[in-house]
Amino acid sequence: MLKNILILIFGLYILVLFQTSLFADFRAFGFPPNFILVFVILFNFFESPAKKFGLISAIFGGFFLDVFSASFFGFHILFLLVCAVFIKFIVRRYVRIPGIQKY
Amino acid sequence: MKRFSKIKLGAIGILLIAFFVLVNLPGFSKGIRNFFYSFSSPIQRMLLGAGDNMSNFFAGIFSYGNLKKENDNFKVQILEKSAEISGLQELKKENEALKAGLVQNLQKDFKLIFANIVSKGIGDFILINKGLNDGVKKDMPVITEQKFLLGKIYEVYKNYSKVLLITNKDSSFDAEILSAEATGVLKGKGNFNAVLDSVPQEAEIKTGDLVFTTSLGDVFPEGLLVGEIKSLNKNDVSSFQQAEIKPAFDKALKSSVFIISNF
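Let us look at the structure shown here. Values in this document were obtained by computation on a predicted structure and should not be read as measured data.

What counts and how
Residues numbered from 1 in each chain as written. Chains lettered and ligands numbered in written order. Predicted model: local features only at pLDDT ≥ 70, side-chain atom pairs only at ≥ 80, totals over all residues. Heavy atoms only, no water. Helix = DSSP H or I, 4+ residues; strand = E, 2+ residues; numbered from the N terminus. Rg over C-alpha atoms; globule rule 2.2 N^0.38 Å. Buried < 20%, exposed > 50% of the residue type's maximum accessible area, 1.4 Å probe, protein only. Contact = heavy atoms within 4.5 Å. Areas by Shrake-Rupley, 256 points an atom, 1.4 Å probe, with all protein chains shown as cover. Pairing = 2+ DSSP bridges. Axes fitted to C-alpha atoms, helices over the stretch in contact; angles between N-to-C directions. Buried area = accessible area lost by both parts, 1.4 Å probe. Salt bridge = Lys/Arg side-chain N within 4 Å of Asp/Glu carboxyl O. Nonpolar A, V, L, I, M, F, W, Y, C, P; charged D, E, K, R; others polar. Patch = residues over 30% accessible without salt bridge, like charges linked within 9 Å, V, L, I, M, F, W, Y side chains within 5 Å. Lys, Arg positive; Asp, Glu negative; His and termini not counted. Charge placed at Lys NZ, Arg CZ, Asp CG, Glu CD.

## Quick look at the overall build of chain A
Then, in step 1: A tally of regular secondary structure across chain A gives 4 helices and 0 strands.
Then, in step 2: Counting helices and strands in the order they occur from the N terminus, chain A gives α-α-α-α.
Then, in step 3: Computed over C-alpha atoms, the radius of gyration of chain A comes to 14 Å, within 12% of the 13 Å expected from 2.2 N^0.38 for 103 residues, which places it in the range of a compact globule.
Then, in step 4: Out of the 103 residues in chain A, the part that is buried amounts to 47%.
Then, in step 5: In chain A, of all internal contacts separated by at least 6 residues, the share reaching a separation of at least 24 is 57%.
Then, in step 6: Summed over its atoms, the accessible surface of chain A is roughly 5600 Å², and 79% of this surface lies on carbon and sulfur atoms.

## Concerning the sheet that holds strand S7 (residues 172–177) of chain B
Residue and element names in this part refer to chain B.
Then, in step 1: On the basis of which strands lie adjacent, the closed barrel formed by 6 strands has the order S7-S8-S9-S12-S11-S10 and antiparallel pairing. The average undirected angle you get between the axes of adjacent strands in this sheet is 45 degrees.
Then, in step 2: Pairing geometry for strand S10 (residues 210–213) and strand S11 (residues 225–233), over 3 bridges, is antiparallel. Pairing of Val211 across the sheet is with Gly227, part of S11.

## With respect to the sheet that holds strand S6 (residues 161–165) of chain B
Residues and elements named next belong to chain B.
Then, in step 1: Across the sheet, 7 strands lie side by side as S1-S13-S4-S5-S6-S3-S2; this open sheet has antiparallel pairing. This sheet does not close on itself; its edge strands, each paired only once, are strand S1 (111–115) and strand S2 (117–120). Averaged over all neighbouring strand pairs, the angle between strand axes comes to 35 degrees, with direction disregarded.
Then, in step 2: In the sheet, strand S4 (residues 141–144) pairs with strand S13 (residues 257–262) via 3 bridges, with the strands oriented antiparallel. Paired with Thr144 across the bridge in S13 is Val257.

## A look at the interface of chain B and chain A
Then, in step 1: On the side of chain A, 30 residues touch chain B, which itself brings 32 residues to the contact.
Then, in step 2: Buried surface at the junction of chain B and chain A, summed over both partners, amounts to about 2600 Å²; 68% is from carbon and sulfur atoms.
Then, in step 3: Scanning the region where chain B abuts chain A turns up 0 salt bridges.
Then, in step 4: Elements supplying a minimum of two residues to the side of chain B that touches chain A: helix H1 (2–23), helix H2 (26–62) and S2 of chain B.
Then, in step 5: Broken down by element, the side of chain B that touches chain A gets its largest block of residues, 17 residues, from H2(B).
Then, in step 6: Here the residues of the side of chain B that touches chain A are counted per class, giving 18 nonpolar, 9 polar and 5 charged.

## Points about a nonpolar patch on the surface
Then, in step 1: Residues Val38(A), Leu42(A), Phe45(A) and Phe46(A) make up a contiguous nonpolar surface patch of about 360 Å² in total accessible area.
Then, in step 2: One can find Phe46(A) in helix H2 (residues 35–46).

## Some thoughts on a positive patch on the surface
Then, in step 1: A contiguous patch of positive charge on the surface is contributed by Arg27(A), Lys230(B), Lys246(B) and Lys251(B).
Then, in step 2: The topology assignment puts Arg27(A) in the loop between helix H1 (2–22) and H2.
Then, in step 3: With a relative accessible area of 34%, Arg27(A) lands in the partly exposed category.

Dropping the structure here:
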């Protein structure tokens, strides 16, 4: 459990480094790519709603985005956490993905 | 059970609020950021260089369709240009002398602190490798080697500083169009776009006009090039006109920067 969380945190840190340096000049439809946001959305969508890794990824992903952005601490954490909870709620209530254990 | 989950939720809420208040205390948040920047900056600088090469590579791939046409044009141009080369040798020497003098000239006008770009942050700002220990203070103007305005210091850490680019949505300052003798308020729109607002309707401005800083408000020194007018937005009903601005600085932000510590 702890090992998986540490791997997740390290992966998110690498993603945010890539976002702010290697892919800083890239533009998708005129906007810079936000890997953390994409990762958190996909992770929460495909993760079993009973598991909590998606929420942890939102908290730490948001934390790293806050570190490397100019906004106040907590802005991205709250934003990603709301996204994660919303996706989990939608998936739990309305979406059935074959092969993914729900409860 | 229901009561227990309500208490649990309340406790989580209070803990979250306490956490956000704590990490947003000026000393604490700056400490956290400086800590992360100190070990991330070498990796980021390395990746930033690789990113520049990669974007150049992809730009080459996407323009493949035009390559043959461009090749034919270049063949003609090579013949024309080879004649000019001999004459340009003299100019090259002169140019090198001017380049060497450029930094000296900048230092004559202002007191400068040299800095390297560490990373390009989320939103229109950059991180540079000079901070409190180097004498950097909040709101100091930042310019490029070519004396183009880049932005101002937004947040200072022990060894690093965040520069708010003029295209950031939080950026706003007075600017003037010298050719039309008109002033306006330059506001950032984000994503390397800016707009010159509140320009009097009677001012005769046109596309390509250059925009400079003014001494109004004491935000920036006078006469720094900000950018040029890209397009105009005139509305007969309004008493002011608006112009889209193309920033003068290179969006790739590959070069080093200078912080003006005294003007």
